Amino acid sequence: MNSYISNSNLVMRYFTVFFLILVSLSGFSQDNSVKGTIINSNTLFPIWNVNIVNTNKVRGAISDQKGKFEIIADVNDILLISCIGFQSIEVKVTNDWIKNQNSRIQLTEKAYALEEIKIMPYELTGYLEVDSKLIPDRENYWYSIAGLTKRYEGGENSPSAFSRVMGSLFNPADALYNFFGKKPKELKKLRELKKDENFRNILQTKYDHQAIYLMFGISEKELLEILERCNYSEAFMKTANDLQILDALNGCYEEYKILKKN
């Protein structure tokens, strides 16, 4: 009888230890999240439809009609908060924020100044067939090379456009090593793009590239150089949204890995 009780106690102890291990592992695997409320610094009214991007976790969120949001984040993660008509800000996640699970974040309205609009003088005739030839047609040129399925964007027609494409194409590994070779951790974030549809939707509306600068720790000049090495023009960078640029970097990175492997 005593032996049976002793064995039962031993089983219970093992079960308790096993249960505690499972609880600790599940708690460890869960991502932390923070909640907050976005308000107007002037009126103190809530602001809805504000974009919140965690540049460390590659996650996104949008504030609701009460200005409230919730996003996956850990301590020291950087949140880029932006909204049309307001100054964008960067906020670092703290231990207190995670514990309290609430924070009021103020955005300041932008002061807009109307700029002079210059209308270029075109002597139009009123006939579509004629006027369409008088107005200069600016477009980005794409180059195709026999034997290759991919097309390469060279920007506006210029003497250096084609040579830049050819130089990047036939010597890409050396040109891209300084970026892709030295930033493997940052580039892992590219793989996270498809995991958060909300994040991708936010980037489709952003054209200032602030999120990209923060995610990869690069400047505007460095981003332009990287895109040029990946066969994209300056015109592409100026007109593309953040999602298009990240997709371009992702494609270029995959090509670089193949070249490096070979």
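Turning our eyes to something else, we now look at the overall build of the chain. The helix and strand inventory of the chain stands at eleven helices and nine strands. Scored against the burial criterion, the 262 residues of the chain give a buried share of 35%. With an accessible surface of roughly 17600 Å², the chain has 54% of that area assigned to carbon and sulfur atoms.

Pairing is mixed across the open sheet formed by three strands, whose spatial order is β4-β1-β7. With one partner strand each, in any of the chains shown, β4 (68-72) and β7 (104-107) form the two edges of the open sheet. Looking at each pair of strands side by side, their axes are set apart by 35 degrees on average, direction ignored. Sheet analysis places strand β1 (residues 33-40) next to β4, joined by five bridges and oriented antiparallel.

On to the pattern of salt bridges, then. Scanning the entire structure with this criterion turns up seven salt bridges. One salt bridge connects E192 with R59, and the closest N-O pair in it is separated by 3.9 Å. Of this pair, E192 sits in the loop between α6 (184-187) and α7 (197-203) while R59 is found in strand β3 (residues 59-62), placing the two residues 133 residues apart along the sequence. The class for E192 is partly exposed, based on a relative accessible area of 23%. Salt bridges sharing common partners tie together K57, D74 and D77.

Ranked by size, the top nonpolar core spans 34 residues in total, and within it F216, L223, L227, I245, L246 and L249 carry the most contacts. Elements represented by at least two residues in this core include exactly α5 (172-181), α7, α8 (210-216), α9 (220-229), α10 (234-239) and α11 (242-261). By residue number, the principal contributor to this core is α11, which donates eight residues. Setting aside residues up to four positions removed in sequence, L249 forms contacts with F180, L190, F216, L223, I226 and L227. Of all hydrophobic cores here, the second largest spans 19 residues; its members include V34, I38, I98 and L107.

To continue, consider the state of the cysteines. Under the criterion given, the structure shown has one disulfide. One disulfide in the model links C230 with C252; its S-S distance is 2.1 Å. Its S-S torsion of about -85 degrees marks the bond between C230 and C252 as left-handed, since a negative value means left-handed. Note that C230 is positioned in the loop between α9 and α10 and C252 in helix α11, a separation of 22 residues in sequence. Take C252: its relative accessible area is 7%, and that puts it in the buried class.

Turning next to α9. All buried positions along α9 are accounted for by L223, L224, I226 and L227. Taken down its axis, α9 places every buried residue within 165 degrees of arc, on the same side. Just downstream of α9 lies N231, where phi reads positive at about 75 degrees.

Model confidence for the chain is summarised by a mean pLDDT of 74, while 61% of its residues fall at 70 or above. The low-confidence segment residues 23-29, where pLDDT is below 50, has zero contacts with residues more than four positions distant or belonging to other chains. This stretch, residues 168-173, has a pLDDT under 50; its non-local contacts, to residues over four places away or in other chains, come to nine contacts.

Once that is clear, we can look at the side chain of D196. As for its placement among the helices and strands, D196 is situated in the loop between α6 and α7. Among buried Asp, Glu, Lys and Arg side chains, D196 stands out as unpaired, with R59 the closest opposite charge at 4.2 Å. From its side chain, D196 meets the backbone nitrogen of N198 in a polar contact 3.0 Å long. Once residues within four sequence positions are removed from consideration, D196 is found in contact with V58, R59 and G60.

Parameters at a glance
- Residues numbered from 1 in each chain as written.
- Predicted model: local features only at pLDDT ≥ 70, side-chain atom pairs only at ≥ 80, totals over all residues.
- Heavy atoms only, no water.
- Helix = DSSP H or I, 4+ residues; strand = E, 2+ residues; numbered from the N terminus.
- Buried < 20%, exposed > 50% of the residue type's maximum accessible area, 1.4 Å probe, protein only.
- Areas by Shrake-Rupley, 256 points an atom, 1.4 Å probe, with all protein chains shown as cover.
- Pairing = 2+ DSSP bridges.
- Axes fitted to C-alpha atoms, helices over the stretch in contact; angles between N-to-C directions.
- Salt bridge = Lys/Arg side-chain N within 4 Å of Asp/Glu carboxyl O.
- Core = buried A, V, L, I, M, F, W, Y, C linked by side-chain atoms within 4.5 Å.
- Contact = heavy atoms within 4.5 Å.
- Disulfide = S-S within 2.5 Å.
- Arc of directions from axis to C-beta.
- pLDDT = per-residue confidence, 0-100.
- Lys, Arg positive; Asp, Glu negative; His and termini not counted.
- Polar contact = N/O pair within 3.5 Å; in protein donor to acceptor, adjacent residues only side chain to side chain.

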